[in-house]
Each structure stands twice: as C-alpha cells, then as structure tokens.
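Below, each chain spelled out in residue letters.
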Amino acid sequence: MSVAPRDAGTSLYVARQKIHAREIAGRYERLRVIAAFSLLGLFYLLPWVQWRGQQAVLFDLPARKFHIFGLLFFPQDFFLLTWLLVIAALSLFFFTTLGGRLWCGYACPQTVWTKVFVAIERWCEGNRAQRIKLDRSPWTSRKLLRKAGKQLLWIAFAAYTGVTFVGYFSAIRDLVPAMATASLGGWETFWIVFYGFATYGNAGYLREQVCKYMCPYARFQSAMFDRNTLIISYDAQRGEPRGSRARNVDARAQGLGDCIDCTLCVQVCPTGIDIRQGLQLECIACAACIDACDGVMQRMRYAPGLIRYATQSSMEGKRTRIARPRTILYGVLLLALIIGFGIAVAQRDLVELDVIRDRNTLFRQLDDGRIENVYTIRLINKDTGPHTLRVGVSGLQGAAIDSERSEYQVGAGEIISVPIRIRAPRHSVAGSMEVKITARSAEDDGPQSVAIARFVGPVR
Amino acid sequence: MRAMSTPSDPADGTGRTWCHFREDLGVLLWSSFLAASTATLLFFAYFDPRLLAADDDPPAWLADRMTGYATGFFFFWGMCTIASFLTAYLIDTRPPERNER
C-alpha cells in the first residue's frame, strides 16, 4: 500500500486542469434534476414541519432527546440507530449490486449540492465555453462582477445550508429569529459556519474530486459489481472504429462505426474521463455522457444507446440475471432487518425504569429487625402523553416500599429521579438477593417496565 | 490501493521522501474526521457529557452539553489525526527494502 502518491510533479488532489463540465439536457439529466429537487426539498423543509405543536424531526442534543414524528427516542435507544445504519449500508450494497453507482449519480449529497453550485456558477458565468473564456480573460470589471456574484450566491446558499443543518439539532423556529436578532448561541454559530464552510468547499471547489480521492464507498463499490450489474457502458462493437464523417455519408461503407468522435461524452463528464475506454473507477454513473451521446445519435439519425445503461452480460449478448445468489441474499437480509426494525420500534417500552443502588451503605437494619436498602430509580416516559406511574416491588417475600408516595406523575418525554427505600423482613433475606421493581402505569393496559435489582442483607 | 488511472510509481524509487505532504494532510484530516464522527456518536450515546463532570468541581467547559459534545468531537478528531499522521509518516519514511530497485 502506498500512502503518498509519487507521480512526482503533479498533484493528485487538485485537478490537473480545472474541469469545466459541459451542460447537457436529456432524460437522465431530467431524472437527476427531479432527484436533486426532491432530496434538497426534503432537507430544507423537514425542519419546518410541525407535529403536534413541536418540530417533527428534532435531534435535541442539549436535552438528549430525539423527536421523530411524535416518537421520542433517548440515547438508550441507540441500538435502533445502529440498526438503521446497518439497514442503510445493506440497502447501498443491494442497490449497487443491481444498478451500479445509482447512489453516486442521483442521491449522494455531494452530487446533489454540487449540482446546485454548478447551476449557480452557470447562471453567473455562462455556459462551458463562456466560463473557459472568462477564466482566461484578464480581470475586468465584468469578470469581477460575475465572479463576485457567484461567490455571494454560493456563500448565501452554503450559509443557509448550515442553518438548516443546525436546525435539525436545535429548534429551527428559534434559531432563525435568534439569528435575526444576533442572539445566537456560540456553539450554534460555530456549527453553522463549520457546516456552511464544508458545503461551500465541497460543492464549490472539491466537487467530484471528493468522489475520486475522498470517498471510501467509491473505492470499494466495485467489489459489489458483477457481470449482471447495470453500468454505464460504451458499445464498442457498434461504435468502433470511431471517426468523423459527413452527415449523409454511409459510415459503414467507409468502414466506420457509429461513434463520430465528437468527444461530447468527455466534455460533459464531471470527472473528466472518457467512458469509451471502458468502466473506470472515477465514473460516478451520472449518465451525463448517455444524454450527450443520445443527442448526437439523434442528430446523426442513428439509433440511441451507443452509450447506455447496460450490464456486461447484455453487452456480450447474454441474458441479464436480476435474481442471483448475491442479490437474493442481500434482499432477504434487508427485508428481515427492515421488518425487525419495525417490530423493535413498535414494541419498545414506552416507560423505562433504571435502578441505581445507593453506593454508600449496603443495608441498614431497622429497630424492628427489618432490612432496608436504598435505591435511586429513574422513571423515563417516552410516550407522547403523561403517565402516572405506580412503583411496586416483588420477588422477595414481605418486601415493601417505604416512601411518602407510591405514584409519580411523569410528563411526556420526562425523566424523573426518585429515591426509594425497600424494606424486607429479616427472615426472607440471606446475603444478596434479587428483587423485582416495577413501574406500572395507573391506567388499564398502560405501559410498564420491570427492573431487577440487588437486595443485600446480612448472611444468615 | 491506488486509483486505476493514476500513473504508476517511478521505477527508480526516488520518491522516498514525503513530497505530497500538503495533499496528504487533506486525506489525514478527512479520514480522521470520519473516524472521529463515529467515535463521538458512539461515545456520547452512552455517556452524558454532564455526567462526566459529576465531580465536586466540574470544569466550566463541561458545564453545558453542547460544549461537552464539541470538545469531545475535537478531542477525537485530534487524536485520530495524530494516529493517521504517524501511520502515514512511518509507512512513508521506512527504509527501502534491500531487494527493491
């Protein structure tokens, strides 16, 4: 393994030449625009959605409570998040095996934000040719105006992205007014700037270099490919030998294939590769070259699809198999995990009970001979409404709770800590025993929770 | 592991010094960022920054949770960067093997 690239003199991390991707229209471009709009719309609008008088999706880190459409999660539910991440990873594997780098081309935040930043750039600086000309031209007031306008829009968009991001962790309806009155908290300001800067740098400058040099997924995605995976393919059999020709000439008679070598597929490529050399690691499967080539084929009155989504099998004239051991395994696993996750969320205890033994004394013997242990119990109500919880003890003969109250009112999403004393007759205790503490909702069929605690007494 | 399209190493083996330090710093910071994010997530899922300060005299910077999270994150990031840096440095500066050209 070599860590430092040694192609001396050239840099790996800055494009050797700035890539000015040519703009393109076509059906996959339409799909990409639709995907970008829906995903960004979801990201920017979701924090503003209210649910029962509260922000619907709020990961309230300061309070360590996570609200998702009326469901309340605590850090104790962390395994659910892990579960969700496993589902996400497996979905990625599943869809990669079927459709190649669909994620990269349509859904990855890097792709989606880059798309917006490129659109802003195009709006300010013009199309590819105009941009190249502008970059080469000396600094005139016109160039300054266009570059400054672009920067201003980029920064504004990046800053608002930062605000929205922080809005997922700190109520956005308080955040935006606080910004207007300049009364934002220190850390909130810091993270807005941090995230805004990351957006600006990643989408404005790094762009597809992130995919080439920084993305771990890009490096291992090819391990999930097989001959039946959908990839962007150039039909070499049909296209070669490539060459330019007049429009009305019979290419076959001249010994030419369908590729007119217009290099449009290279010009539109955001990673600057030539798809005609076959599948390459840099290809993020954005399908811009398909759109470009189909447009050319149409103008040449050739059939579209010289570059197309195809599997290696179909390129070789064989049948593409969707159901194969790998996809079946991923599919079954994924389905099982999703069902399991649904059950785990639906079945989770809405009331939770934590018991912490008093650390100072093991036990105390009362005047009447009974043994007393002291605990602190934490009652957690994850439900959306308040609960009156009745605390009881069982599993130890004659044990009872000695407390001023036996019922506790716990509001929605509240955690309360109460000290309790459990007393048991001398004859039922011998050394360390187990005792069952329950918190039961006062309503019929209400939620309840049980915890096992240690009850310590003198050894008989 | 190398990207497919990058040119291969110069065969004379002259590249033994770390000539891409600045570029590699990006990779170091980025990979440690990923590791640190995961570490922060896991760590603070189990430990409440306020409980960590359940001491007689909690330091002021641990008093509120946001500061605790941020401090934790930058601590992890720093540590991961050190580890990445040392890894890269040691791999890059190890003496050439005898039979290597």
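Residues numbered from 1 in each chain as written. Chains lettered and ligands numbered in written order. Predicted model: local features only at pLDDT ≥ 70, side-chain atom pairs only at ≥ 80, totals over all residues. Heavy atoms only, no water.

Description of the overall build of chain A
- When its secondary structure is counted, chain A shows 15 helices and 16 strands.
- C-alpha atoms of chain A, sized along the principal axes, occupy 110 × 60 × 50 Å.
- Looking at the 460 residues of chain A, the share that counts as buried comes to 46%.
- Here the contacts in chain A between residues at least 6 apart in sequence split such that 68% fall between residues at least 24 apart.
- Carbon together with sulfur atoms contributes 62% to the accessible area of chain A, which is approximately 23,900 Å² in total.
- Separation between the mean location of the 57 positive side-chain charges and that of the 38 negative ones in chain A comes to 9 Å. (Helix = DSSP H or I, 4+ residues; strand = E, 2+ residues; numbered from the N terminus. Buried < 20%, exposed > 50% of the residue type's maximum accessible area, 1.4 Å probe, protein only. Contact = heavy atoms within 4.5 Å. Areas by Shrake-Rupley, 256 points an atom, 1.4 Å probe, with all protein chains shown as cover. Lys, Arg positive; Asp, Glu negative; His and termini not counted. Charge placed at Lys NZ, Arg CZ, Asp CG, Glu CD.)

Section: the pattern of salt bridges
Residue and element names in this part refer to chain A.
- In this structure the tally under the stated criterion is 33 salt bridges over all chains.
- In this structure, Arg32 engages Glu29 in a salt bridge whose closest nitrogen and oxygen atoms are separated by 2.4 Å. Here Arg32 and its partner Glu29 are both found in helix 1 (residues 27–45), three residues apart, which amounts to about one turn of the helix. Grouping residues by exposure puts Arg32 and Glu29 together as buried.
- Several salt bridges share partner residues, and in doing so they unite Glu121, Glu125, Arg131, Asp135, Lys147, Lys150 and Arg207 into one network. (Salt bridge = Lys/Arg side-chain N within 4 Å of Asp/Glu carboxyl O.)

Looking at a nonpolar patch on the surface
Residues and elements named next belong to chain B.
- A cluster of nonpolar side chains, Phe21, Leu25, Leu29, Phe75, Met79, Ile82, Phe85, Leu86, Tyr89 and Leu90, forms an exposed patch at the surface whose accessible area comes to about 900 Å².
- Secondary-structure elements contributing two or more residues to the nonpolar patch are helix 1 (21–46) and helix 3 (65–93).
- A per-element tally of the nonpolar patch places helix 3 first, with seven residues.
- Along the polypeptide, Ile82 turns up in helix 3. (Patch = residues over 30% accessible without salt bridge, like charges linked within 9 Å, V, L, I, M, F, W, Y side chains within 5 Å.)

Concerning a positive patch on the surface
- Positive charge collects at one region of the surface, where Arg22, Arg247, Arg299 and Arg301 of chain A lie side by side.
- Looking at where Arg299 of chain A falls in the secondary structure, it is placed in helix 13 (residues 288–299).

Here's the deal with the packing of aromatic side chains
- Throughout the structure, instances matching the rule amount to 45 aromatic pairs over all chains.
- Their ring planes at 80 degrees and their centres at 6.4 Å tell us that Phe194 of chain A and Phe74 of chain B sit as a pair that is edge-to-face. Note that Phe194 of chain A is positioned in helix 8 (residues 186–206) and Phe74 of chain B in helix 3, a pairing that runs across two chains.
- A residue is classified by how much of its surface remains accessible, and Phe74 of chain B, at 28% relative accessible area, is partly exposed.
- Through successive ring pairs, a cluster of aromatic residues spans Phe43, Tyr44, Trp113, Phe117, Trp154, Phe157, Tyr160, Tyr168, Tyr200 and Tyr205 of chain A.
- For Lys143 of chain A, the ring lying beneath its charged end belongs to Trp139 of chain A, and the centroid distance is 4.6 Å.
- One residue, Arg348 of chain A, lies across the ring of Phe73 of chain A, its end atom 4.3 Å from the ring centre. (Phe/Tyr/Trp six-rings, centres within 6.5 Å; stacked < 30°, edge-to-face > 60°. Lys NZ or Arg CZ within 6 Å of the ring centre and 35° of its normal.)

Quick word on the sheet that holds strand 13 (residues 407–410) of chain A
All names here are of chain A.
- Spatial strand order, 13-11-15-16: four strands in an open sheet with antiparallel pairing. Where the open sheet ends on each side, the last strands, each with one partner, are strand 13 and strand 16 (448–456). Neighbour to neighbour, the strand axes of the sheet diverge by 30 degrees on average, direction disregarded.
- Strand direction decides the pairing type here: strand 11 (residues 387–394) and strand 15 (residues 432–441), joined by six bridges, are antiparallel. Considered in strand 15, the bridge of Val393 is made with Ile437. (Pairing = 2+ DSSP bridges. Axes fitted to C-alpha atoms, helices over the stretch in contact; angles between N-to-C directions.)

With respect to helix 4 (residues 109–125) of chain A
Residues and elements named next belong to chain A.
- In this model helix 4 runs 24 Å from its N-terminal to its C-terminal C-alpha over 17 residues, within 8% of the 24 Å that 1.5 Å per residue would give.
- Here helix 4 lies mainly inside the structure; twelve of its 17 residues are buried.
- When helix 4 is considered as a whole, its buried residues turn out to be Gln110, Thr111, Val112, Trp113, Thr114, Val116, Phe117, Val118, Ile120, Glu121, Cys124 and Glu125.
- Against the buried residues of helix 4 lie helix 1, helix 3 (102–107), helix 5 (128–136), helix 6 (141–167), helix 8 and helix 9 (208–214).
- Immediately beyond the C-terminal end of helix 4, within one or two residues, lies Gly126, with a positive phi of roughly 90 degrees. (Expected span 1.5 Å × (residues − 1).)

Re the side chain of Thr97 of chain A
Residue and element names in this part refer to chain A.
- Its location among the elements puts Thr97 in helix 2 (residues 78–99).
- Of note is the side chain of Thr97, whose polar atom sits 2.8 Å from the backbone oxygen of Phe93.
- The residues contacting Thr97, other than those within four sequence positions of it, are Met224, Asp226, Asn228, Thr229, Arg324, Arg326, Thr327 and Tyr330. (Polar contact = N/O pair within 3.5 Å; in protein donor to acceptor, adjacent residues only side chain to side chain.)

Comments concerning the pairing of strand 10 (residues 371–381) of chain A
Residues and elements named next belong to chain A.
- Burial runs high along strand 10: eight of the eleven residues are buried.
- Relative to strand 10, strand 8 (residues 351–357) runs antiparallel, the two sharing seven bridges. Bridge pairing in strand 10 links Asp354 to Arg378.
- In this structure, strand 10 lies alongside strand 14 (residues 415–424), joined through ten bridges in antiparallel fashion.

Describing the environment of Leu39 of chain A
Residue and element names in this part refer to chain A.
- Tracing the sequence through the fold places Leu39 in helix 1.
- For the pair Leu39 and Ala107, spaced 68 residues apart in sequence, the C-alpha separation works out to 7.5 Å.
- Beyond its immediate sequence surroundings of up to four residues, Leu39 is in contact with Tyr106, Ala107 and Val112.

Regarding the confidence of the model for chain A
Residues and elements named next belong to chain A.
- Looking at chain A as a whole, its pLDDT mean stands at 86, while 96% of the residues score no less than 70.
- No element of chain A has a lower mean pLDDT than helix 9, which averages 84, and none a higher one than helix 6, which averages 94.
- Segment residues 1–16 is flagged for pLDDT under 50; beyond a separation of four residues in sequence, or across chains, it makes 38 contacts in the model. (pLDDT = per-residue confidence, 0-100.)

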